[in-house]
Amino acid sequence: GAEMMNRKKKPLNTNFIFLMLGRMVSDTGAGIQAMIIPLYIIDTGGSAATVGLFSFLSLIPIILIYPFAGVAGDRLNRKSIMVGTDLANGLIILGLAFAAYSGRMGLALLFAVQVLTSILYGFFDPATKGMLPQVVPKEELTKANSTVASLRIFSSLLSPVIGAAVYASQGIAVLFLINGISFLLSAGSEMLIRYKHIKRDVVVGVSGLSRDLSEGVKFVLDNKVIGKLCVFSLMLLALIQPIFSVVLPLFFRTRLEYSDPQYGYLQVAIVFGALLGSILVGTLFNKGKEVTKSLLTGCSLLMGTMLVFTVLLFPQTVSALGNGTMIYFALFAGILSLLSVAIIFINVPTQTIIQKETPNEYLSRVFSIVGMISKGGMPFGALIYGIILTGVEVHWMILLATLLTILMGQSFFLWDWPCHTIGC
């Protein structure tokens, strides 16, 4: 009882605030970089292939480094990893600012820096995710995860705005300067986190590394809940994510008669949905036992919105509602927004369940494996969609995706959840 009293009196969790500040500044900085460099490449005469190579170099190192980053996050001091990667990123990007300022920046340098910053981010990510359950009490995890999600979405809104404004008015060197400084500030914020690292006995060398890795994989495979969520996340990301990255631009360009600014409004609707979803999850399902409720609500919403989305894509619907009309656009934007809400309703509790199911000494490894599985699903999903859509009409393809989603959702509902997850 006394401990509860003490916790009630604690007004602000400063550790959580510093962790969030650091995370948000890092995310905004990384987002600015990811958005502006492709523009810069095109502005300096690069081709679409160069931009493609750039985005490939942004993703692949993270996926490859994840398993090792997970081992590092469980062995080493997570706070030191975060501070170290942010400091290194800051210095590298300040170096890039100097190169740009003195006119010595070529594509090779840009690519090299991108690979380096991606690798650093690969180490940063599992360390922060592993650290969250250590600075937040267990019963507040859902709320904390929804806060993280909201802030990440907020920084993805901020970065294009800041990035475009600075790049247009001040040029690339100043952009890198601001970005470099932001990473150093982020490291400063993380230094203020009070955090005790629990040392483990570890086997050094390759054998120790592979043992740690296989222990992590074994833990994920043996834990029925996490294993199931992994498969579910993978299929979900492979099925649903390409709707935003492949189907939407294609359908918008080839079938609909709207302007480019309206495409921008659709993107805003998607982000708004994600923001709304993360706020709702934090307020509606913040009690410990309600995590599965959020998951199942998300699943139902996903199945429903996918059905409506399929109907909207059929040519008959487009012509009935009128192509280029306000009503079709409003429905289309609304459904995309709800799709976003559904994804957040599934993602946030997934994180919370994994954090609760995993002992501290496995946290970073488990998150790196989960991250690898889910991030790996996106490029492959996009690839498969791209191939199928060359020969099949969009609406048939999405109908198939919807049926698969419904099948998946059903199996998810019928699954026997272990008692400690749903609290029976």
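All values derive from a computational prediction rather than experimental measurement.

Participant: Please clarify how the overall build of the chain should be interpreted in this entry.
Facilitator: Scanning the chain for helices and strands turns up 16 helices and zero strands. Computed over C-alpha atoms, the radius of gyration of the chain comes to 22 Å, within 12% of the 22 Å expected from 2.2 N^0.38 for 424 residues, which places it in the range of a compact globule. A principal-axis box enclosing the C-alpha atoms of the chain has dimensions of 65 × 65 × 45 Å. The buried share among the 424 residues of the chain stands at 49%. Per element, the accessible surface of the chain, about 19500 Å² overall, is 72% carbon and sulfur.

Participant: Even after reading the chapter, I still don't get the pattern of salt bridges, so can you show me in this structure?
Facilitator: Two side chains that carry opposite charge are able to pair once their charged atoms sit near each other. One pass over the full model with this rule turns up ten salt bridges. Across the salt bridge formed by Arg78 and Asp74, the nearest N and O atoms sit 2.8 Å from each other. Accessibility expressed as a relative area gives 3% for Arg78, which makes it buried. Across the pair Glu215 and Arg211 runs a salt bridge, and its minimum N-O distance is 3.8 Å. One end of the pair is Glu215 and the other is Arg211, both in helix H8 (residues 205-222) and four residues apart, which spans about a single turn. Exposure remark for Glu215: the relative accessible area of 26% places this residue in the partly exposed category. Taking the relative accessible area as the measure of exposure, Arg211 reaches 39% and is therefore partly exposed. A single network of salt bridges, built from pairs that share partners, joins Arg23, Asp27, Asp125, Lys129 and Arg152.

Participant: Which parts of the structure should I look at to understand the confidence of the model for the chain?
Facilitator: Where the model shows low pLDDT, its predicted coordinates should not be examined in detail. Looking at the chain, the pLDDT average stands at 83 and 93% of residues meet or exceed 70. Within the model, the stretch residues 2-7 combines pLDDT values under 50 with two contacts to residues more than four positions away or in other chains.

Participant: Hey, could you run me through the packing of aromatic side chains in this one?
Facilitator: Centre-to-centre distance and the angle between the planes together describe a pair of aromatic rings. Enumeration according to the criterion identifies five aromatic pairs in this entry. Here Tyr328 and Phe332 contribute two aromatic rings whose centre-to-centre distance is 5.7 Å and whose plane-to-plane angle is 20°, an arrangement assigned as stacked. Here Phe332 and Tyr328 lie together in helix H13 (residues 326-357), a separation of four residues that amounts to about one turn. Judged by relative accessible area, which is 2%, Phe332 ranks as buried. Every member of this aromatic cluster is reached through a ring pair, and the members are Phe309, Tyr328 and Phe332.

Participant: I'm lost on the nonpolar core in this one. Help?
Facilitator: Core analysis: the largest hydrophobic core is formed by 57 residues, its most contacted members being Ile240, Phe332, Tyr385 and Ile398. In terms of residues, this core owes the most to one element, helix H9 (residues 224-254), which gives 14 residues. The contacts of Ile398, once residues within four sequence positions are left out, are Ile243, Val247, Met306, Phe309, Thr310, Leu313 and Tyr385.

Participant: What am I meant to see in helix H4 (residues 78-101) here?
Facilitator: Residues lying three or four places apart along an α-helix face the same way, a consequence of the helix completing one turn every 3.6 residues. Spanning 24 residues, H4 covers 35 Å between terminal C-alpha atoms, matching the ideal 34 Å at 1.5 Å per step. The opening residue of H4 is Asn77, an N-cap whose side-chain oxygen sits 2.9 Å from the backbone nitrogen of Lys79.

Participant: In this structure, what is going on with a nonpolar patch on the surface? I would like to understand it.
Facilitator: A cluster of nonpolar residues, Phe380, Leu383, Ile384, Ile387, Ile388, Val392 and Trp396, forms a patch on the protein surface that exposes about 710 Å² of accessible area. Considering the arrangement of structural elements, one finds Leu383 in helix H14 (residues 363-389). On the basis of relative accessibility, which here comes to 53%, the residue Leu383 falls in the exposed class.

The rules we used
- Residues numbered from 1 in each chain as written.
- Predicted model: local features only at pLDDT ≥ 70, side-chain atom pairs only at ≥ 80, totals over all residues.
- Heavy atoms only, no water.
- Helix = DSSP H or I, 4+ residues; strand = E, 2+ residues; numbered from the N terminus.
- Rg over C-alpha atoms; globule rule 2.2 N^0.38 Å.
- Buried < 20%, exposed > 50% of the residue type's maximum accessible area, 1.4 Å probe, protein only.
- Areas by Shrake-Rupley, 256 points an atom, 1.4 Å probe, with all protein chains shown as cover.
- Salt bridge = Lys/Arg side-chain N within 4 Å of Asp/Glu carboxyl O.
- pLDDT = per-residue confidence, 0-100.
- Contact = heavy atoms within 4.5 Å.
- Phe/Tyr/Trp six-rings, centres within 6.5 Å; stacked < 30°, edge-to-face > 60°.
- Core = buried A, V, L, I, M, F, W, Y, C linked by side-chain atoms within 4.5 Å.
- Expected span 1.5 Å × (residues − 1).
- Polar contact = N/O pair within 3.5 Å; in protein donor to acceptor, adjacent residues only side chain to side chain.
- Patch = residues over 30% accessible without salt bridge, like charges linked within 9 Å, V, L, I, M, F, W, Y side chains within 5 Å.

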